[in-house]
Amino acid sequence: MTAPVIETGTHWLQMVAMWQELDVPEGWRVEVDGENITVSPPPVHRHELIVDEISALLRQAAPKGCGAFTNLGVEIVPLGRLYIPDLAIIPREDTATPTPAHRALLVAEVTSQGNAQRDRETKRDAYAAAPVPLYLLIDRWDPTGPSVTLFSEPDGGQYRQFLHVAFGKTITIPEPFGIELDTSGFPR
């Protein structure tokens, strides 16, 4: 099924303005999915521990001039999507919010029990369509056991490649990062 295409115009600008003006409690996340606005509570402690660990590692490995952002809105205008990934590695000069998702070198999402399917499918497909070169999915709720999947090579709205490992294994994050991510310390 193909997502509807939303033109950059008055309607999208109104959605973004509404998103920017919402008064939500600190730590809550508001995202736009087409005509739907989703509000999520702050993540749990285990979720934040994982984000902190990958943020520190990727910040050090990121190309010069890039930052690791945990509360930055990224937009995929043609799909009418505006997400706040758990982590986005983006050049610092591109951090107006929202910023076009295609400017990200990598985005990461850590699933919560209530949003796991959305991170696995809806967001994966939207990030591929952006295109975001690398999508790191840390899936604590994978039905086969906690896992990490790195999607790469976006083409035609889909990722052509992926690496999948169980928690406890190491996964390679390719250039421009060129690092090994050890998942053995990730809380379950």
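Caption draft 1: Molecular detail of the sheet that holds strand E11 (residues 158-166). Spatially, 6 strands are ordered E3-E6-E8-E9-E10-E11 in an open sheet, and the strand pairing comes out mixed. Every other strand in the sheet has two partners, leaving strand E3 (66-69) and E11 as the edge strands with one partner each. Across the sheet, the mean angle separating the axes of adjacent strands is 15 degrees when strand polarity is ignored. Two strands pair when backbone bridges link them, and strand E10 (residues 147-155) and E11 are joined in this way by 8 bridges, in the antiparallel orientation. When the bridges of E11 are listed, Phe151 appears paired with Phe162. Sheet contacts for helix H2 (residues 45-61): E3, strand E6 (87-91), strand E8 (106-110) and strand E9 (134-139); angle to E8, the most-contacted strand, approximately 160 degrees. Those strands touched by helix H3 (residues 116-129) are E8, E9, E10 and E11, and its axis lies near 180 degrees from that of E9.

Caption draft 2: Representation of a nonpolar patch on the surface in the model. On the surface, Met18, Leu22, Val24, Trp28, Ile37 and Val39 cluster together into a nonpolar patch covering about 460 Å² of accessible area. Residue placement: Ile37 occurs in strand E2 (residues 36-40).

Caption draft 3: View of the pairing of E10. Summarising the sheet, E9 and E10 pair through 6 bridges and their orientation is antiparallel. Across the sheet, the residue bridging to Asp139 is Ser147, located in E10. Between the end of E10 and the start of E11, which pair antiparallel, lie 2 residues, with Gly156 showing a positive phi angle near 65 degrees.

Caption draft 4: How the structure looks around the pairing of E9. Most of E9 is tucked away: 6 of the 6 residues are buried. Across 5 bridges, E8 lies against E9 in parallel orientation. Bridged to Leu106 within E9 is Leu134. The handedness of the E8 to E9 crossover, carried by H3, is right-handed.

Caption draft 5: Geometry of the confidence of the model for the chain. For the chain, the average pLDDT comes to 90, and 95% of its residues sit at 70 or higher. Segment residues 1-7: pLDDT under 50, and 13 contacts once partners within four positions in sequence are set aside and those in other chains are kept.

Caption draft 6: Spotlight on a negative patch on the surface. Residues Glu48, Asp52, Glu53 and Asp182 make up a contiguous surface patch of negative charge. Ranked by residues supplied to the negative patch, first place goes to H2 with 3 residues. Locating Glu48 in the fold gives a position in helix H2.

Caption draft 7: Examining H2 more closely. Compared with an ideal rise of 1.5 Å per residue, which puts 17 residues at 24 Å, H2 spans 25 Å between its outermost C-alpha atoms and is within 8% of the ideal. For H2, the full list of buried residues reads His47, Ile50, Val51, Ile54, Ser55, Leu58 and Ala61. The arc that holds the buried residues of H2, viewed along the axis, is 130 degrees, so those residues lie on one side. Summarising the geometry of H2, the exposed residues directed more than 90 degrees from the buried face are His45, Asp52 and Gln60. Among the structural elements, E3, E6, E8, E9, strand E12 (170-173) and strand E13 (179-182) are those in contact with the buried residues of H2.

Calculation criteria
- Starting afresh in each chain, residues are numbered from 1 along the sequence in its written order.
- Restriction of local features to residues with pLDDT of at least 70 applies here, the model being predicted, together with a cutoff of 80 or more for giving and counting side-chain atom pairs; totals for whole chains, interfaces and linings are based on all residues.
- Excluded from the side-chain calculation are hydrogens and water; included are all heavy atoms of the structure.
- Two strands qualify as a pair provided that DSSP identifies no fewer than 2 bridges between them.
- Only DSSP runs of H or I with at least four residues qualify as helices, and only runs of E with at least two residues qualify as strands; both kinds are numbered from the N terminus onward.
- Here an axis means a line fitted to C-alpha atoms, over the contact stretch when the element is a helix, while the angle between two N-to-C directions is reported on a 0 to 180 degree scale.
- Should any heavy atoms of two residues lie within 4.5 Å, those residues are counted as being in contact.
- Within this analysis, patches are made of residues with over 30% relative accessible area and no salt bridge. Like charges are joined at 9 Å or less; nonpolar side chains (Val, Leu, Ile, Met, Phe, Trp, Tyr) at 5 Å or less.
- Each accessible area is a Shrake-Rupley estimate made with a 1.4 Å probe; only the visible protein chains count as cover when residues are assessed.
- Here, a salt bridge means any Lys or Arg side-chain nitrogen found within 4 Å of an Asp or Glu carboxyl oxygen.
- The rule is simple: take the accessible area with a 1.4 Å probe, protein chains only, and divide by the maximum for that residue type; under 20% is buried, over 50% is exposed, in between is partly exposed.
- Look down the strands so they point away from you; if the path from the first strand over the helix to the second goes clockwise, the crossover is right-handed.
- Per-residue confidence from the predictor is given as pLDDT, running between 0 and 100.
- Residues scored as charged are limited to Lys and Arg (positive) and Asp and Glu (negative), so that His and the chain ends carry no count.
- By convention, the charge on Lys lies at NZ, on Arg at CZ, on Asp at CG and on Glu at CD.
- To estimate how far a helix should reach, multiply one less than its number of residues by 1.5 Å.
- Throughout, the arc means the angular range of directions from the helix axis out to the C-beta atoms.

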